[in-house]
Amino acid sequence: MKDDLIPLDPGARSAILAAAASLEAETETMLARLVRFPSTLGRERGCLGAMEAIYRDLGHTPFRVPVDVKALADHRGFSPPLMDYAGRSPVAAVHRPRATIGRSLMLQGHIDVVPEGAAELWTSPPFQPEIRDGRMYGRGVADMKAGVVASLMALEALRRAGLQPAAELQIAAVIEEECTGNGALAVMQALGKPDACLIPEPGPGYPALYVAEVGVVWAWVNVIGRPAHVREMHSGINAIEAAMAIAGRFKSYEQEMNRAEHRHPSFAADNHPININLGRFEGGEWNSSVPNKARIGLRVGVMPGRSCRDVAADIQRIVAEAAAELRLPEGNARVEFQGFMADGCTFPADQPISRAASACHSAVFGEPLRHYAAPALTDARFYRLYQGTQATCYGPDSENIHGIDESVGLASLHGVTKALALLVAGWCGVEAI
Ligand SMILES: [Zn+2]
């Protein structure tokens, strides 16, 4: 295991760990500052500006990486966007050493968050972070502003110990991890290929090393019924009922995809990695009119090893079959693909960056790093699938991400910060500032 990391002078090691320990209050303050930005889709500008300022305060030189749809559209990893990218460019910075000793590294994170859901169900308001019983609560606190802060504070721990990475180190704060990944794709294309990429995405209730993740396709089905007054209801086709029937068709498909013979070996221990979520529903005009239109938004999981494009074709077929059975006129159930068109991916636990992260985690936490095959996706796939770069995710524990009362454990966050500091030092090597 040792050969994955450059041996660190014991004095430097204790200086780094002491510096990391001294940064705990600042870490929590920075995390709370970022959580106060409701950086949902299309509202990332304030948080990106804060990231730029934080980078500068910590001695990095930030620059923006525009998401150029024209340049990316033909890339296999590109997903059809939901909105324009003007004013929402990811922030990045690149550290270059005086002399290169170790291997280069990208530490990436996303600052976009999913909507808060029903705010009144939260114990404390979703964008007013609060600490209770050693956990910080807020939308995006775990997924993944904590990881973003952990990686910055890991670098800061080195700096306060009078050290800097002795290899190129890239950092980036991206957008749209939660709906396309196009922010990460733009960053990957703009920066040079690193020797490894690590994304501090949260673990599921404990700090974890990602070993696999599913892919995802976002599909929208636009249904047009046949309008009628309710007194002639049977002469109409109810668009809402038709949309519900179409959505219902995906239940048996989901079951089929999760059957043991379809499961990728990474998900052998998970009997339901493929989830199909009916996440959006719009439709209807009036209680006393047969609804004309309905639109549903589906999130369909993709097993690693299957192409997202094959899954998109399955979706088209299922909708067409359902429409025929419902006797909907030709063209009245139209499928659109906007948002994720993403393949699944594996992150071998024996690749050097994963072994290195495991070793640093054990050194700090005194216990082995647990593995996680994620039934959701991250930006790490781009590096593995399209750049041939070893990549994985390792981050603090989390609770209720995408749900109500999302939180991160602060002890876990501080431990991961220390582990990341050791990882950067051991992966890149260090030199005096
Ligand atoms: Zn995330």
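Anything mentioned here points back to the structure above.
Model, not experiment: these values are computed from the prediction.

A. Quick peek at the sheet that holds strand S10 (residues 215-224). One open sheet holds the 4 strands; their spatial order is S11-S12-S10-S13, and the pairing between them is antiparallel. Of all strands in the sheet, those bounded by a partner on one side alone are strand S11 (276-283) and strand S13 (333-342). Averaged over all pairs of adjacent strands, the angle between strand axes in this sheet comes to 15°, irrespective of strand direction. For S10 and S13, the ladder comprises 7 bridges, and the chain directions are antiparallel. By the bridge assignment, Ala219 is partnered in S13 with Phe337. This element, helix H7 (residues 239-257), spans S10, S11, strand S12 (293-302) and S13 of the sheet and lies at about 175° to S11. Contacting S10, S12 and S13, helix H8 (residues 308-325) runs over the sheet at an angle of about 160° to S13.

B. Just the sheet that holds strand S5 (residues 135-137), in detail. The sheet built from 3 strands is open, its strands ordered S4-S5-S17 with antiparallel pairing. Here the strands that pair on one side only, and so sit at the sheet edges, are strand S4 (130-132) and strand S17 (407-409). Shown here is a sheet whose adjacent strand axes are inclined to one another by a mean of 25°, direction ignored. Lying over the sheet, helix H5 (residues 141-160) contacts S5 and S17, oriented at roughly 45° with respect to S17.

C. The arrangement of the nonpolar core in detail. Counting 95 residues, the largest nonpolar core has Leu31, Leu105, Leu152, Leu198 and Tyr394 as its most contacted members. The element best represented in this core is H5, accounting for 13 residues. The next biggest cluster of nonpolar side chains, apart from the first, holds 38 residues, and it includes Ile246, Met257, Phe267 and Val302.

D. Representation of the packing of aromatic side chains in the model. Applying the stated criterion across every chain, the model contains 5 aromatic pairs. For the pair Trp218 and Trp220, a centre-to-centre distance of 6.3 Å together with 80° between the ring planes defines the contact as edge-to-face. Aromatic pair Trp218 and Phe340: ring centres 5.8 Å apart, planes at 85°, arrangement edge-to-face. Here Trp218, found in strand S10, pairs with Phe340, found in strand S13; they are 122 residues apart in sequence, far enough to count as distant. Among the aromatic residues, ring-to-ring pairing joins Trp218, Trp220 and Phe340 into one connected group. One Lys or Arg, Arg103, reaches over the ring of Trp427 and ends 3.7 Å from the middle of that ring. When the ring centre of Tyr206 is taken as reference, the NZ or CZ atom of Arg370 above it lies at 3.6 Å.

E. Structural view of the packing of helix H1 (residues 10-22) against H5. Here H1 crosses H5 at 125°, and the two axes come no closer than 8 Å. Taken together, the axis directions place H1 and H5 in an arrangement best described as oblique. The two elements H1 and H5 cross, and the hand of that crossing is right-handed. Across the interface between the two elements, Ile16, Ala19 and Ala20 of H1 pack against Ala157, Leu158 and Arg160 of H5. For the contact of H1 with H5, the residue count by class is 5 nonpolar, no polar and 1 charged.

F. Up close: helix H11 (residues 410-428). Here H11 spans 27 Å end to end across 19 residues, near enough to the 27 Å set by a 1.5 Å rise per residue. Within H11, 18 of the 19 residues are buried, leaving the element largely enclosed by the surrounding structure. Immediately beyond the C-terminal end of H11, within one or two residues, lies Gly429, with a positive phi of roughly 80°.

G. A look at unusual backbone geometry. With an omega of -10°, the peptide bond running from Asp143 to Met144 counts as cis. With respect to the helices and strands, the residue Met144 is situated in helix H5. The residue Arg327 is not glycine, and still its phi comes out positive at about 60°. Relative to the helices and strands, Arg327 is located in the loop between H8 and S13. At His402, a residue that is not glycine, the phi angle is positive and equals roughly 65°. Relative to the helices and strands, His402 is located in the loop between strand S16 (390-395) and S17.

Each value, and the rule that gives it
Residues numbered from 1 in each chain as written. Predicted model: local features only at pLDDT ≥ 70, side-chain atom pairs only at ≥ 80, totals over all residues. Heavy atoms only, no water. Pairing = 2+ DSSP bridges. Helix = DSSP H or I, 4+ residues; strand = E, 2+ residues; numbered from the N terminus. Axes fitted to C-alpha atoms, helices over the stretch in contact; angles between N-to-C directions. Contact = heavy atoms within 4.5 Å. Core = buried A, V, L, I, M, F, W, Y, C linked by side-chain atoms within 4.5 Å. Buried < 20%, exposed > 50% of the residue type's maximum accessible area, 1.4 Å probe, protein only. Phe/Tyr/Trp six-rings, centres within 6.5 Å; stacked < 30°, edge-to-face > 60°. Lys NZ or Arg CZ within 6 Å of the ring centre and 35° of its normal. Parallel < 35°, antiparallel > 145°, perpendicular 65-115°, else oblique. Left-handed = near helix turned anticlockwise from the far one by under 90°. Nonpolar A, V, L, I, M, F, W, Y, C, P; charged D, E, K, R; others polar. Expected span 1.5 Å × (residues − 1).

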